[in-house]
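# Observations on chain architecture
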Amino acid sequence: MALRALFIGGTGIISTEAARRAVAEGVEVTLLNRGRSTKRPVPDGARVLHADVRDAESVRAALGSQEFDAVVEFTAFTPEHVRADLDLFTGRTGQYVFISSASAYQTPPTHLPVVESTPLRNPFWEYSRNKIACEDLLVRAYRDTGLPMTIVRPSHTYDATLVPMDGGWTVVDRMRRGLEVVVPGDGTSRWTLTHSADVAVGLVGLLGREEAIGEAFHITGDEAPSWDQIYLAMARAAGVDEPRLVHVASEAIAAADPELGAGILGDKAHTMIFDNTKVRRLVPQFSPRIPFAHGAREIVAWHDADPARRVVDPQFEALTERLLEAYRPRPL
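Everything numeric here is computed off the predicted structure, so don't read it as measured data.

## Details of empty space enclosed by the protein
Applying the stated criterion across every chain yields a total of 1 cavity of 30 Å³ or more. Its boundaries defined by the atoms lining it, the largest cavity holds a volume of some 90 Å³. If you trace the largest cavity, you find it lined by Asp166, Val182, Pro184, Tyr231, Ile253, Leu260, Ile264, Phe316, Leu319, Thr320 and Leu323. Counting residues per element, the ones that place at least two in the lining of the largest cavity are β8 (180-184), α9 (258-268) and α12 (314-327). A total of 4 residues in the lining of the largest cavity trace back to one element, the largest contributor, which is α12. Taken together, the residues of the lining of the largest cavity sort by class into 9 nonpolar, 1 polar and 1 charged.

Structure, rendered in structure tokens:
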């Protein structure tokens, strides 16, 4: 019999590609979401159930008595979300897969490359601390009751719809207009980027695997360009040969915009390189193949295909100009 998997979400950056991969491998895929319009179409062959995952009764009504070999949770961000899932799915799935985040790892790291046993600690970003709390809850449930859980920690995952710099398309638009853009830090820290199609191979390969129960895996790419190289790759893909990059300390950006700064200080400001030995051992077909130079061209092509996708954020533009005015290098 085909493996039956329920994806909670199913139209996000990781989940769309994972659903497409799972269907291609013969998995019976059901997506549970609210049915709102999305820029990522539902993969052919996937079944869709509509419910608000934050409304337990609507989920029960949508699922009825169905059981699954694996439930993959892409939309849980707090322990309360996970507790609600456990109430819904305990006893009706052979595996509960929680999508956590590699930003949960010790920040800044004391040792590289990061491995799954690297401590979890992020004093800068509430998002990451909530993911850690979710993991703690699941680990206790596994120890106390044998909950068949698996934890997956992706790092910075992108697809054609996502410009992987703060500010999104606004940064590319400024480059094309010949304007300066702000690069956090000195541009030399190395950052792991992973295409969603590569992450999907590792994630789908863990579904239904008894060896994955009780375990945590990060699923990340092998490529870790510097931030300057990331900006240059996006510029070249957009037809800009010499972008005007201005480096601004991450702490200065955080002081100007604390919400944006939390994600920089708690995730992007430090070199992060990962050892993928553990997932490769269990899923030998996992071998990231899409370099960011190719991904950058894919991103620009997707945005250029429809003017409505090329959204410029005036608030980010204003922040950029304030930071440039204050920190642009100038002679003494």
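## Observations regarding the layout of surface pockets
For the second largest pocket, the calculated volume is near 190 Å³. Surrounding the second largest pocket, 14 residues form its lining, Val139, Arg153, Gly214, Glu215 and Ala216 being those nearest its centre. For the lining of the second largest pocket, the secondary structure elements donating two or more residues are α4 (126-145) and β6 (149-154). The class makeup of the residues in the lining of the second largest pocket is 6 nonpolar, 1 polar and 7 charged.

## Quick look at the sheet that holds strand β4 (residues 70-73)
Paired through their backbone hydrogen bonds, the strands of a sheet run either parallel or antiparallel. Judged by pairing direction, the sheet is parallel, and its 7 strands sit side by side in the order β3-β2-β1-β4-β5-β6-β10 without closing on themselves. With one partner strand each, in any of the chains shown, β3 (47-50) and β10 (216-219) form the two edges of the open sheet. Taken over all neighbouring pairs, the strand axes of this sheet differ in orientation by 20° on average, direction set aside. Note that strand β1 (residues 4-8) and strand β2 (residues 28-33) share 5 bridges and pair parallel. Bridged to Leu6 within β2 is Thr30. Sitting on the sheet, α4 is in contact with β5 (96-99) and β6, with an inclination near 155° to β6.

## Some details on unusual backbone geometry
Residues Thr107 and Pro108 are joined by a peptide bond in cis, for which omega reads -5°. Here Pro108 is to be found in the loop between β5 and α4. Cis rather than trans, the peptide bond between Leu112 and Pro113 has omega equal to 0°. As for its position among the elements, Pro113 is in the loop between β5 and α4.

## Topic: α9
Within α9, 9 of the 11 residues are buried, leaving the element largely enclosed by the surrounding structure. Every buried residue of α9 is listed here: Leu260, Gly261, Ala262, Gly263, Ile264, Leu265, Gly266, Asp267 and Lys268. As for α9, its buried residues are in contact with α4, β7 (156-158), β8, α7 (227-237), α8 (250-256) and α12.

## Regarding the nonpolar core
Within the largest apolar cluster, 39 residues are counted, with the highest numbers of intra-cluster contacts made by Met165, Met175, Tyr231, Met234 and Phe292. Looking at this core element by element, the count peaks at 6 residues for α7. Core analysis: the second largest hydrophobic core is formed by 30 residues, Phe7, Phe74, Val201 and Leu203 among them.

## A few points about α7
Residues Trp227, Asp228, Ile230, Tyr231, Ala233, Met234 and Ala235 constitute the buried set of α7. In the segment just after α7, Gly239 is the residue with positive phi, at about 85°.

## A word on the packing of aromatic side chains
Counted by the stated rule, this structure contains 7 aromatic pairs. Pairing Tyr158 with Phe292 gives two aromatic rings, centres 5.4 Å apart and planes at 85°, and the pair type is edge-to-face. In this pair, Tyr158 is assigned in strand β7 and Phe292 in helix α11 (residues 292-304), connecting sequence segments 134 residues apart. Relative accessible area serves as the criterion here: at 3%, Phe292 is assigned to the buried category. The cationic tip of Lys278 hangs over the ring face of Phe217; the distance from NZ or CZ to the ring centre is 4.9 Å. Across the ring face of Trp302, the terminal group of Arg309 is positioned such that the distance to the ring centre comes to 4.0 Å.

## Considerations on the environment of Gln106
Within the element layout of this structure, Gln106 appears in the loop between β5 and α4. By relative accessible area, Gln106 is classed as buried at 17%. Separated by 160 residues in the primary sequence, Gln106 and Gly266 have C-alpha atoms spaced 9.6 Å apart. Those residues in contact with Gln106 that sit more than four places away from it in its chain are Thr118, Pro119, Leu120 and Arg121. Among the polar contacts listed, one links the side chain of Gln106 to the backbone nitrogen of Thr110, at a separation of 2.9 Å.

## Overview of the pattern of salt bridges
Scanning all chains against the criterion turns up 20 salt bridges. A salt bridge links Arg244 to Glu180, with the nearest nitrogen and oxygen atoms 3.9 Å apart. With a gap of 64 residues between them, Arg244 in strand β11 (residues 244-248) and Glu180 in strand β8 connect regions that are remote in the sequence. The exposure class assigned to Arg244 is partly exposed, which follows from its relative accessible area of 42%. The closest approach of N and O atoms between Arg328 and Glu180, which form a salt bridge, is 2.9 Å. Here the residue Arg328 occupies a position in the segment after α12, and Glu180 occupies one in strand β8, the gap between them amounting to 148 residues. When its relative accessible area of 24% is taken as the criterion, Arg328 is described as partly exposed. Under the relative-accessibility criterion, Glu180 is labelled buried at 12%. Salt bridges linked by common partners bring Asp173, Arg174, Arg177, Glu317 and Glu321 together as one network.

What counts and what doesn't
- Residues numbered from 1 in each chain as written.
- Predicted model: local features only at pLDDT ≥ 70, side-chain atom pairs only at ≥ 80, totals over all residues.
- Heavy atoms only, no water.
- 1 Å grid on protein atoms, 1.4 Å probe; cavity = no way out; pocket = protein on both sides within 12 Å on 5 of 7 lines; lining within 4 Å.
- Points joined across faces, edges and corners; volume = space filled by probe spheres on them.
- Helix = DSSP H or I, 4+ residues; strand = E, 2+ residues; numbered from the N terminus.
- Nonpolar A, V, L, I, M, F, W, Y, C, P; charged D, E, K, R; others polar.
- Pairing = 2+ DSSP bridges.
- Axes fitted to C-alpha atoms, helices over the stretch in contact; angles between N-to-C directions.
- Contact = heavy atoms within 4.5 Å.
- Buried < 20%, exposed > 50% of the residue type's maximum accessible area, 1.4 Å probe, protein only.
- Core = buried A, V, L, I, M, F, W, Y, C linked by side-chain atoms within 4.5 Å.
- Phe/Tyr/Trp six-rings, centres within 6.5 Å; stacked < 30°, edge-to-face > 60°.
- Lys NZ or Arg CZ within 6 Å of the ring centre and 35° of its normal.
- Polar contact = N/O pair within 3.5 Å; in protein donor to acceptor, adjacent residues only side chain to side chain.
- Salt bridge = Lys/Arg side-chain N within 4 Å of Asp/Glu carboxyl O.

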